Amino acid sequence: MPVEEFVAGWISGALGLVLGHPFDTVKLLGFFKGMSFPIASIALVNSVLFGVYSNALLALTATSHRQRRAQPPSYTHVFIAGCTGGFLQAYCLAPFDLIKVRLQNQTEPRAQPGSPPPRYRGPVHCAASIFQAEGPRGLFRGAWALTLRDTPTLGIYFVTYEWLCRKSTPDGQKPSSATVLVAGGFAGIASWVTATPLDVIKARMQMAGLKQRAYRGLLDCMVSSARQEGLGVFFRGLTINSARAFPVNAVTFLSYEHLLHSWG
Ligand SMILES: C[N+](C)(C)CCCC[C@H](N)C(=O)O
């Protein structure tokens, strides 16, 4: 199994994340609060995404990433490979994403002398507390919603990227850096726009254990959120998600393509 794609995915995910983190944390006090934990986890998750995507395409079309510009795969194959990558990365992402959501929602002002300490002291303490209270399954709270969010939308991600690259590049040629940046940026936006409704539900389910707000399941969470807050609830965060998605994914794709190219 070719491994360059995993390594390139690892590095490019980390680079994209550095750009995106301030957007992720914009509602909070410190822009770069808790940067090292997402760097390590997103690098791993992005490596699974790009590695599985590329190897799934290899299995479907018998072409390696070197041959793919000359023999472009069909959009159906790109979509299936993207969904496969999305499905598998969701399981790797689930525990990290849960911890991220729990820590980012911990927005109480800094402890005054004498006030109770924050519930979670950091990512490791957060993971250990969830594990102790709920066992290993607790770390996968919201994983089902995350999988539903990511499987089709990462198919859309790679199809958008490929489509925009092919539209602006002569047949058989390598897309220019500017094309890769723009196509990667719009791929991120297309993916996040379609992922936002389930992103809202996912975060609610991940927070459910803490807020004494239990949902009977994904559907119950959707229905009760829509009933209480109207359909607009499914678009919460759409603007910030899209604003974040462009630079993050432009840099992710540009570094991914450059790394693979420079390794021959
Ligand atoms: C599927 N979903 C839209 C959730 C993510 C797609 C893009 C992945 C990228 N690491 C990023 O964080 O933007």
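Predicted, not measured: the structure shown is a model, and the values here were computed from it. (Residues numbered from 1 in each chain as written. Predicted model: local features only at pLDDT ≥ 70, side-chain atom pairs only at ≥ 80, totals over all residues. Heavy atoms only, no water.)

K.L.:
Mind showing me how you'd approach the overall build of the chain here?
P.N.:
Across its full length, the chain holds eight helices and zero strands. Its helices and strands in sequence order give the chain the pattern α-α-α-α-α-α-α-α, from N to C terminus. Relative to the 2.2 N^0.38 estimate, which gives 18 Å for 264 residues, the radius of gyration of the chain is 19 Å and therefore close to what a compact globule would have. Its C-alpha atoms give the chain principal-axis dimensions of about 65 × 40 × 30 Å. Every one of the 264 residues in the chain was classed for burial, and the buried ones make up 48%. If you sum the accessible surface of the chain, you get close to 13300 Å²; carbon and sulfur atoms cover 66% of it. Each charge class in the chain was averaged separately, 24 positive and 13 negative side chains, and the resulting centres sit 6 Å apart. (Helix = DSSP H or I, 4+ residues; strand = E, 2+ residues; numbered from the N terminus. Rg over C-alpha atoms; globule rule 2.2 N^0.38 Å. Buried < 20%, exposed > 50% of the residue type's maximum accessible area, 1.4 Å probe, protein only. Areas by Shrake-Rupley, 256 points an atom, 1.4 Å probe, with all protein chains shown as cover. Lys, Arg positive; Asp, Glu negative; His and termini not counted. Charge placed at Lys NZ, Arg CZ, Asp CG, Glu CD.)

K.L.:
Hey, could you run me through helix 4 (residues 123-134) in this one?
P.N.:
Structurally, the α-helix is built with 3.6 residues per turn, so residues lying three or four positions apart point the same way. Its twelve residues place the ends of helix 4 16 Å apart at the C-alpha level, agreeing with the 16 Å of an ideal helix rising 1.5 Å per residue. One or two positions beyond helix 4, positive phi appears at Gly135, with a value near 80 degrees. (Expected span 1.5 Å × (residues − 1).)

K.L.:
Just to check I follow, could you spell out the pattern of salt bridges for this structure?
P.N.:
Any two side chains of opposite charge can pair, on the condition that their charged atoms come close. Here the structure, examined in full by the defined rule, presents twelve salt bridges. Glu134 serves as the salt-bridge partner of Arg141, at 2.9 Å between the closest nitrogen and oxygen. On the accessibility criterion, Arg141 (27% relative accessible area) is partly exposed. Overall, the relative accessible area of 32% leaves Glu134 in the partly exposed class. For the salt bridge of Arg149 with Asp150, the shortest nitrogen-to-oxygen distance reads 2.6 Å. Neither residue differs from the other here; Arg149 and Asp150 are each classed as buried. Overlapping salt bridges, with partners in common, bring together Asp97, Arg149, Asp150, Asp199 and Lys202 in one network. (Salt bridge = Lys/Arg side-chain N within 4 Å of Asp/Glu carboxyl O.)

K.L.:
Help me out: how do you make sense of unusual backbone geometry in this one?
P.N.:
Excluding glycine, residues mostly carry a negative phi; peptide bonds, for their part, are mostly trans. Phi is positive for Ala62, which is not a glycine, with a value near 55 degrees. Along the chain, Ala62 falls in the loop between helix 2 (36-61) and helix 3 (75-104).

K.L.:
How should the site of the ligand be read in this particular structure?
P.N.:
Around the ligand sit Arg149, Asp150, Thr153, Leu154, Tyr157, Ser191, Trp192, Ala195, Arg244, Val248 and Asn249, and that is every residue in its neighbourhood. Within the contact set of the ligand, an oxygen atom lies 2.9 Å away from a side-chain nitrogen or oxygen of Trp192. For the ligand, an oxygen atom lies 3.0 Å from a polar atom in the side chain of Asn249. Sorting the residues of the shell around the ligand by element identifies helix 5 (143-167), helix 6 (177-208) and helix 8 (238-262) as the ones contributing at least two each. If you tally residues by element for the shell around the ligand, the top one is helix 5, at five residues. (Near = heavy atom within 4 Å. Polar contact = N/O pair within 3.5 Å; in protein donor to acceptor, adjacent residues only side chain to side chain.)

K.L.:
Would you take a moment to explain the UniProt feature "transmembrane region" (unreviewed entry) in the chain for this structure?
P.N.:
In the numbering used here, UniProt assigns the feature "transmembrane region" (unreviewed entry) to residues 6-23, 35-54 and 74-94. Summarising residues 6-23: 100% helix, 0% strand, and an end-to-end C-alpha distance of 26 Å. (UniProt positions renumbered as here; feature names shortened; annotations may be inferred.)

K.L.:
I keep staring at the nonpolar core and nothing clicks. Help me out?
P.N.:
Soluble globular proteins: nonpolar side chains tend toward being buried together. Grouped together as the largest cluster of nonpolar side chains are 20 residues, with contacts concentrated most on Leu49, Phe50, Tyr53, Tyr157, Phe158, Tyr161 and Phe253. Elements supplying a minimum of two residues to this core: helix 2, helix 3, helix 5, helix 6 and helix 8. Apart from residues lying up to four places away in sequence, Leu49 is in contact with Gly85, Gly86, Gln89, Leu154, Tyr157 and Phe158. (Core = buried A, V, L, I, M, F, W, Y, C linked by side-chain atoms within 4.5 Å. Contact = heavy atoms within 4.5 Å.)

K.L.:
For this particular structure, what's the right way to read the packing of helix 3 against helix 6?
P.N.:
Between two packed helices, both the angle of their axes relative to each other and the distance between the axes serve to describe the pair. At their nearest, the axes of helix 3 and helix 6 sit 10 Å apart, and the two run at 75 degrees to each other. By the angle between their directions, the pair helix 3 and helix 6 is classed as roughly perpendicular. Across the interface between the two elements, Ala94, Asp97, Leu98, Val101 and Arg102 of helix 3 pack against Lys202, Ala203, Gln206 and Met207 of helix 6. Partitioned by chemical class, the residues of the contact of helix 3 with helix 6 number five nonpolar, one polar and three charged. (Axes fitted to C-alpha atoms, helices over the stretch in contact; angles between N-to-C directions. Parallel < 35°, antiparallel > 145°, perpendicular 65-115°, else oblique. Nonpolar A, V, L, I, M, F, W, Y, C, P; charged D, E, K, R; others polar.)

K.L.:
Mind showing me how you'd approach helix 5 here?
P.N.:
In a regular helix each residue adds 1.5 Å, so 25 residues correspond to 36 Å; helix 5 covers 36 Å between its end C-alpha atoms and thus fits that length. Taking the largest bend as the criterion, helix 5 deviates by roughly 25 degrees, centred on Thr153. (Bend = angle between axes of the 7 residues up to and from the residue.)

K.L.:
Hey, could you run me through the packing of aromatic side chains in this one?
P.N.:
Working definition: an aromatic ring pair is given by the centre-to-centre distance plus the angle between the planes. As enumerated under the stated definition, the model contains ten aromatic pairs in all. Arranged with centres 5.1 Å apart and planes meeting at 75 degrees, the rings of Tyr157 and Phe158 form a pair that is edge-to-face. Accessibility classification places Tyr157 together with Phe158 in one group, the buried group. Taken together, the ring pairs in this structure connect Phe50, Tyr53, Tyr157, Phe158, Tyr161, Phe253 and Tyr256 into an aromatic cluster. Its end group placed over the ring of Tyr75, Arg166 keeps NZ or CZ at 4.6 Å from the ring centre. (Phe/Tyr/Trp six-rings, centres within 6.5 Å; stacked < 30°, edge-to-face > 60°. Lys NZ or Arg CZ within 6 Å of the ring centre and 35° of its normal.)

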